[in-house]
Amino acid sequence: MAEFVNLCFQLNPRNEIYLDLFSFRFKGDDIDEIPEDQPNIILQKLKENVRKRKSEKLNKLIVKDGLAIEVNGKVLKKVKRKKDLDHTQESHVKSKKHKKYKEIVEKESKSPIPDVDDTINLKTISKKKKKKLKESGHVDSSKSVIKNKNVNITNDKSKKGESVELCEVDDHFSATNEDCSIKEVNNDEPSEYERENVSKTVIKEGPHTVGNFTVLGDYKVKKQVKVKHILPDWLEEPGIISNSLTQTPVEQFVGLLDETLINKLQENNITHFFPVQTQILPLLLNQITDNNCYGKDGYQPSDICVSAPTGSGKTLAFALPVIQTLLNRVVCRVRALIVLPVRDLALQVYKVFQTYCKGTGLRVILLAGQTSLAEEQESLVIERLNGCCSLADIVVATPGRLVDHINKTAGFDLSHLRFLVIDEADRMMEDIKQDWLTQVENSVLKLHGSGWNLVDRRPPIPLTVHNCSTIRIAFQKLLFSATLSQDPEKLQQLNLFQPQLFTTILESKSKATENLNGTENTESQEERGDFVGKYTTPASLQERHIECQAFQKPLMVLHCIHNLNYRQILCFTNSVESTHRLFLLIKLCGGIKVREFSSALTGTVRQKILNDFASGDINMTICSDAMARGMDINNVEYVILYDRPSHIQTYIHRVGRTARAGKPGTAVTILEQREVCTYKTMLKEAGKERFKKLKIKPNKLISLKPMYDEALEKLPAIIKAEKQGKKEDY
Ligand SMILES: Nc1ncnc2c1ncn2[C@@H]1O[C@H](COP(=O)(O)OP(=O)(O)OP(=O)(O)O)[C@@H](O)[C@H]1O
């Protein structure tokens, strides 16, 4: 019941209490009108709340910043500074209500409030009065001075941006003339937290007299709550990966990296390592033991989380250590599992593993629905006399197919898993709800045999001396993404063990850290908390935006193609439908080899489009977000964001299809006027403060208009025909 009463109060912002309960109806501030014989609990609560609110409001009878005054629930907009308020003593009106409130507040808060005699009450200056004053010439329209014998309010509008409006002052605008000691009456003692974290800045100017007039003091009370980032140490102090792709020669890794792998790198024209590789490779390679079952010195190795820009070479950063760790394996078992959100991506990573495993004897299998489940099962497990044997050392899979195999493939055994790599980890966390991770963990972390085990695979437990006494088979999770969430709550879902974070931070911050030469001060610590949830884009990426009206968006794409001569373009839309429509339109206009790429196409067709694009047979691909994440397409020079993405993560991944591996690239976002502000706010999340706008002269569009209009005319007929099943094969 009490909650219901509270609700009533919350619902009515003007402090008018409507309580229509048990057919009693109370309205307004007159709590004394509420009959005493009503249900006690309601009445008590009701009265209590009225008092509380009134006392709160009295507290707010304050000349606040810019003199925004709240009286009786009404916010009086801006009455300008105290110097504009020359109140006379004669304008002082003793307010009965004020007395009544004072009693209530004193009773409740036991803290004195200014005596009414010491206050100046600025009585109602209604709009009507204002009008009358205006009419009678008491108001100077240029300066909005209300001249009155007693009241003289000046609103100087001359200052730019300070709109001034005199509003109705209903009841009581009170302030003392003696010592200007209207203070916030604080009924509640500040809590421990408030004492520590809320700093109050009071800027106060005392009253002074000008002739017979007393000018009230103005003061501002600003409460500033210091929000402290309280993060676990591993998130608070990550390893920093440089955003500029400075390179370390591969030769420096001779001795650490197996010769076979160094040769393979050279075969693939990789002579230098990128920062993410320089950072992660030694860390993981140093954990390799003779028997790859165990971590270094028998300890369980830390899980690793990496957040580095798109195209910075994350795939090799996990592929090389995984392959090298497994090089000496004797029995073929599934020891590395790489999970990716979509099939195309899984296929891409599978190809990288195949390249570097060739000739090593390690077997890599793709479980992503490329072939039927039965075919995948055949390639995964073989039945021998002594039971099922694994045919794969490394499995690259999508979560759906992986779960299918865990549940349906006899002999698919993950109990020897050494690495679980989760690529595009933030996207994969969304799929956690599908429970794939629990299923994998259940398959991996089961006890070997029963009773006491010398080696076991229990879920991660706190690292204590006692827990270290049993040797554990190493099981390490490696998380990679360009937009890895650093939200501890989300990461918690992944059951990480002693995790370590490596992240790229915004340039200015890294410089600040560099300047400190490794010594930390308070400032750098504050900044450190700042990069949580912030993402970086490749240093070689140029970002632009075009502002236009909604109907002009296709014209802007045509402008990029025909006037700016953009080629090797990936153009992102927000849906499969708009991908198709835009594709038809661009195709009808001609002048460029264009294809569409979306989840509506089969895997084989999608692969063909990717290959054609990479070889230059196609100059433009219109796509949905199916291509936004992780896809490493050779040759992308321009990315056009035809529709504004709703999240910064989507933006980062889309624009990250170009400017990969240190190559130059340009991303252009087409925005409707109304979207510009949201776009800029979104980009500020990625630390972007400067926005470059592509200005397009109207006459540049005129030449494109006939072509565009003609295409638009033809479009409905084509779409209609398609709906009737007459789909043209492009
Ligand atoms: N050290 C290197 N030298 C030259 N090229 C490299 C190097 N490492 C990786 N690459 C190339 O850079 C491209 C991008 O690599 P990769 O796909 O691993 O990036 P990524 O960080 O995973 O990007 P995304 O976040 O978009 O998935 C690939 O074509 C890869 O072959």
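Cut-off values and rules
Residues numbered from 1 in each chain as written. Predicted model: local features only at pLDDT ≥ 70, side-chain atom pairs only at ≥ 80, totals over all residues. Heavy atoms only, no water. UniProt positions renumbered as here; feature names shortened; annotations may be inferred. Helix = DSSP H or I, 4+ residues; strand = E, 2+ residues; numbered from the N terminus. Buried < 20%, exposed > 50% of the residue type's maximum accessible area, 1.4 Å probe, protein only. Contact = heavy atoms within 4.5 Å. Areas by Shrake-Rupley, 256 points an atom, 1.4 Å probe, with all protein chains shown as cover. 1 Å grid on protein atoms, 1.4 Å probe; cavity = no way out; pocket = protein on both sides within 12 Å on 5 of 7 lines; lining within 4 Å. Points joined across faces, edges and corners; volume = space filled by probe spheres on them. Nonpolar A, V, L, I, M, F, W, Y, C, P; charged D, E, K, R; others polar. Pairing = 2+ DSSP bridges. Axes fitted to C-alpha atoms, helices over the stretch in contact; angles between N-to-C directions. Salt bridge = Lys/Arg side-chain N within 4 Å of Asp/Glu carboxyl O. Core = buried A, V, L, I, M, F, W, Y, C linked by side-chain atoms within 4.5 Å. Parallel < 35°, antiparallel > 145°, perpendicular 65-115°, else oblique. Left-handed = near helix turned anticlockwise from the far one by under 90°. Near = heavy atom within 4 Å. Polar contact = N/O pair within 3.5 Å; in protein donor to acceptor, adjacent residues only side chain to side chain. pLDDT = per-residue confidence, 0-100. Arc of directions from axis to C-beta. Phe/Tyr/Trp six-rings, centres within 6.5 Å; stacked < 30°, edge-to-face > 60°.

As recorded by an unreviewed UniProt entry, the chain carries the name ATP-dependent RNA helicase and is attributed to Patella caerulea. The annotation that UniProt attaches to the chain under Catalytic activity (unreviewed entry) is "ATP + H2O = ADP + phosphate + H(+)". In UniProt, the chain has this text filed under Sequence similarities (unreviewed entry): "Belongs to the DEAD box helicase family."

*Asks:* Break down the overall build of the chain for me, citing the residues and quoting the values.
*Replies:* What the chain contains, in helices and strands, is 25 helices and 34 strands. Within the chain, the proportion of its 730 residues that are buried is 50%. Taking the contacts inside the chain whose residues are at least 6 apart along the sequence as the reference set, 73% of them involve residues at least 24 apart. Put simply, the chain shows about 36800 Å² of open surface, and 49% of that area lies on carbon and sulfur atoms.

*Asks:* Give a detailed account of the layout of surface pockets, specifying residues and quantitative values.
*Replies:* Of the voids in this model, the largest pocket is the one considered here, and its volume is about 1400 Å³. Gln348, Val352, Asp632, Ile633 and Arg660 are, among the 48 residues lining the largest pocket, the residues nearest its centre. Of all the secondary structure elements, the ones that give two or more residues to the lining of the largest pocket are α9 (314-326), α10 (343-357) and α21 (603-615). When residues in the lining of the largest pocket are grouped by element, the largest group, nine residues, is from α10. The residue makeup of the lining of the largest pocket, split by class, is 18 nonpolar, 20 polar and ten charged.

*Asks:* Any chance you could break down the sheet that holds strand β19 (residues 336-339) for me, citing the residues and the numbers?
*Replies:* Across the sheet, eight strands lie side by side as β15-β28-β18-β27-β24-β19-β23-β20; this open sheet has parallel pairing. The open sheet has two free edges, formed respectively by β15 (239-241) and β20 (364-367), since each of these has just one partner strand. Going from strand to strand, the sheet's axes swing by 15 degrees on average, the running direction of each strand aside. Contacting β19, β20, β23 (394-397) and β24 (419-423), α10 crosses the sheet at an angle of about 175 degrees to β20.

*Asks:* Quick rundown of the environment of Val276? Include the residues and the values.
*Replies:* With respect to the helices and strands, the residue Val276 is situated in helix α8 (residues 275-285). Among the residues examined, Val276 registers a relative accessible area of 1% and is labelled buried. In sequence terms Val276 and Ser242 are 34 residues apart; their C-alpha atoms lie 7.8 Å from each other. With residues near it in sequence (within four places) discarded, Val276 still touches Ile241, Val306, Ala308, Ser312, Gly313, Lys314 and Ala317.

*Asks:* Hey, could you go over the pattern of salt bridges for me, with residue numbers and the actual values?
*Replies:* For the structure on display, the rule yields 19 salt bridges. Its salt-bridge partner being Asp426, residue Arg629 comes within 2.9 Å of it at the nearest N-O pair. Pair noted here: Arg629 is in the loop between β32 (620-623) and β33 (638-641) and Asp426 is in helix α13 (residues 425-430), with a separation of 203 residues, a long-range link. Take Arg629 and Asp426: they sit in the same class, and that class is buried.

*Asks:* I'd love a proper account of the nonpolar core, names of residues and values included.
*Replies:* Among soluble globular proteins, nonpolar side chains are generally buried collectively. Counting 77 residues, the largest nonpolar core has Ile338, Phe353, Ile394 and Val396 as the members making the most contacts within it. Once residues within four sequence positions are removed from consideration, Phe353 is found in contact with Phe318, Ala319, Val322, Ile323, Ile338, Val364, Ile394 and Val396. Counting 37 residues, the second-largest nonpolar core is a separate cluster that includes Leu231, Leu420, Trp436 and Leu496.

*Asks:* Can you tell me about the packing of α8 against α9, naming the residues and giving the values?
*Replies:* Packing of α8 against α9 leaves a shortest axis separation of 9 Å and a crossing angle of 20 degrees. What the angle tells us is that α8 and α9 run roughly parallel. With respect to the hand of their crossing, α8 and α9 are arranged in right-handed fashion. Two secondary-structure elements touch here, α8 through Val276, Gln277, Ile280, Leu281, Leu284 and Leu285 and α9 through Lys314, Leu316, Ala317, Leu320, Pro321 and Gln324.

*Asks:* Give me the site of the ligand: which residues, what numbers.
*Replies:* By nearness alone, 20 residues border the ligand, and His272, Lys314, Thr315, Asp632 and Arg660 come closest of all. Between Gly311 and the ligand, the recorded distance is 2.8 Å, taken from a backbone N or O atom to an oxygen atom. At 2.7 Å from an oxygen atom of the ligand is found a side-chain nitrogen or oxygen belonging to Lys314. Look at the ligand: alone it shows 640 Å² of surface, and the protein chains cover 83% of it. Going through the elements one at a time, β17 (272-273) and α9 are the ones with two or more residues in the shell around the ligand. Among the elements that take part in the shell around the ligand, α9 stands out by supplying three residues, more than any other. Here the residues of the shell around the ligand sort into seven nonpolar, eight polar and five charged.

*Asks:* Residue-level account of the sheet that holds β33, with values.
*Replies:* Across the sheet, six strands lie side by side as β29-β34-β33-β30-β32-β31; this open sheet has parallel pairing. In the strand order of this sheet, the two ends are held by β29 (541-548) and β31 (594-597), each with one partner. For this sheet the average axis-to-axis angle between neighbouring strands, irrespective of direction, equals 20 degrees. Taken together, the four bridges between β31 and β32 define a ladder with parallel strand orientation. Paired with Arg595 across the bridge in β32 is Thr621. The sheet contacts of α21 involve β30 (569-572), β31 and β32, and relative to β31 the element is tilted by about 140 degrees. Helix α22 (residues 648-655) contacts β29, β30, β33 and β34 (665-672) of the sheet and is inclined by roughly 150 degrees relative to β33.

*Asks:* Outline the confidence of the model for the chain, listing residues and values.
*Replies:* Residues of the chain with pLDDT of at least 70 account for 60%, and the chain-wide mean is 74. Low pLDDT, under 50, characterises residues 1-31; the predicted model gives this stretch 63 contacts beyond four residues in sequence or across chains. Our summary of model confidence lists the complex with pTM equal to 0.68 and ipTM equal to 0.99.

*Asks:* Describe in detail helix α11 (residues 373-380), supporting the description with residues and values.
*Replies:* Of all the positions in α11, only Leu373, Glu376 and Leu380 are classed as buried. Each buried residue of α11 lies within a common arc of 65 degrees when the element is viewed along its axis, so the set occupies one face. Close packing links the buried residues of α11 with β20, β21 (381-384), β22 (387-390), β23 and α12 (399-408).

*Asks:* Tell me about the packing of aromatic side chains, and name the residues and values.
*Replies:* Applying the stated criterion across every chain yields a total of six aromatic pairs. Considering the side-chain rings of Phe318 and Phe480, the 5.1 Å spacing of their centres and the 55 degrees angle between planes classify their relative orientation as tilted. Of this pair, Phe318 sits in helix α9 while Phe480 is found in strand β27 (residues 476-481), placing the two residues 162 residues apart along the sequence. One exposure class covers both Phe318 and Phe480, and it is buried. Each ring, one from Tyr651 and one from Tyr679, has its centre 6.3 Å from the other, and the planes form 75 degrees; the classification is edge-to-face. Placement of the pair is Tyr651 in helix α22 and Tyr679 in helix α23 (residues 676-684), with a sequence separation of 28 residues. According to the relative accessible area criterion, Tyr651 is buried, its value standing at 0%. Tyr679 gets classed as buried once you look at its relative accessible area, which sits at 1%.

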